[in-house]
Amino acid sequence: MKALAIIIVIFLVFGGIIAISGLIAAKEPNAAAILEKLVPFQGLIGIALFVLGIVYFFTVGPKQLGYMIKQNGFVGMIHVALIVIPILMGFLYGMLLVASMIPGRTLSENKAVALAEKLGMYTMLLGMIAPGTAAAYILQVTGILGKAMSL
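Quick caveat: nothing in here was measured; it's all calculated off a predicted structure. (Residues numbered from 1 in each chain as written. Predicted model: local features only at pLDDT ≥ 70, side-chain atom pairs only at ≥ 80, totals over all residues. Heavy atoms only, no water.)

Undergrad: What exactly am I supposed to notice about the packing of aromatic side chains here?
TA: Two aromatic rings, taken as a pair, are described by how far apart their centres are and by the angle between their planes. In the structure shown here, the tally under the stated rule is one aromatic pair. Both rings, one in Phe57 and one in Phe58, keep their centres 5.2 Å apart while their planes meet at 70°; by these two values the pair is edge-to-face. By relative accessible area, Phe57 is classed as partly exposed at 27%. Of the residues examined, Phe58 reaches a relative accessible area of 64% and is grouped as exposed. (Phe/Tyr/Trp six-rings, centres within 6.5 Å; stacked < 30°, edge-to-face > 60°. Buried < 20%, exposed > 50% of the residue type's maximum accessible area, 1.4 Å probe, protein only.)

Undergrad: Quick question: what am I supposed to make of helix α1 (residues 2-19) here?
TA: Because each turn of an α-helix spans 3.6 residues, side chains separated by three or four positions end up pointing in the same direction. Between its first and last C-alpha, α1 extends 25 Å over 18 residues, near the 26 Å set by a 1.5 Å rise per residue. Listed in full, the buried residues belonging to α1 are Leu4, Ala5, Ile8, Val9, Leu12, Gly15, Gly16, Ile18 and Ala19. (Helix = DSSP H or I, 4+ residues; strand = E, 2+ residues; numbered from the N terminus. Expected span 1.5 Å × (residues − 1).)

Undergrad: Would you mind going over a nonpolar patch on the surface with me for this structure?
TA: Residues Ile47, Phe50, Val51, Ile54, Val55, Phe58, Phe91, Val98 and Leu115 make up a contiguous nonpolar surface patch of about 750 Å² in total accessible area. Listing elements by their share of the nonpolar patch, those giving two or more residues are α3 (31-60) and α5 (73-100). For the nonpolar patch, the element with the highest residue contribution is α3, accounting for six residues. You can see Val51 is positioned in helix α3. Residue Val51 is classed as partly exposed on the basis of its relative accessible area, which comes to 43%. (Patch = residues over 30% accessible without salt bridge, like charges linked within 9 Å, V, L, I, M, F, W, Y side chains within 5 Å. Areas by Shrake-Rupley, 256 points an atom, 1.4 Å probe, with all protein chains shown as cover. Salt bridge = Lys/Arg side-chain N within 4 Å of Asp/Glu carboxyl O.)

Following this line, the structure appears as structure tokens:
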């Protein structure tokens, strides 16, 4: 379970960096060309995050999540975030890649592109939350969070 969570943490960091790359590259005059090169990586990371979030949910299980929340609410919510954030990021990132794989410019691809444009601000928000979730998990696993909460 820890190995899977660590893999999710790594993907969350990369996904967060890609999500906020729009803010970083906005100062460049050729930002559109740079961001266009990141779309395949964004889609692959998104699909991986989606799958990892679902696998982590079934690995931990709702009963164990409830137990974690009951024992220590903050630590339990970190594990809930390790499920919810990857699934949401995976859906938002992977949607364009899956839509682009549909042959021809279909109605569903147009709808997916329009939906992705509407949800773009949420992608950046999730991109900012993802590294925070990763950091919280790392602090919890190393025991630093437990020491800080006992003060």
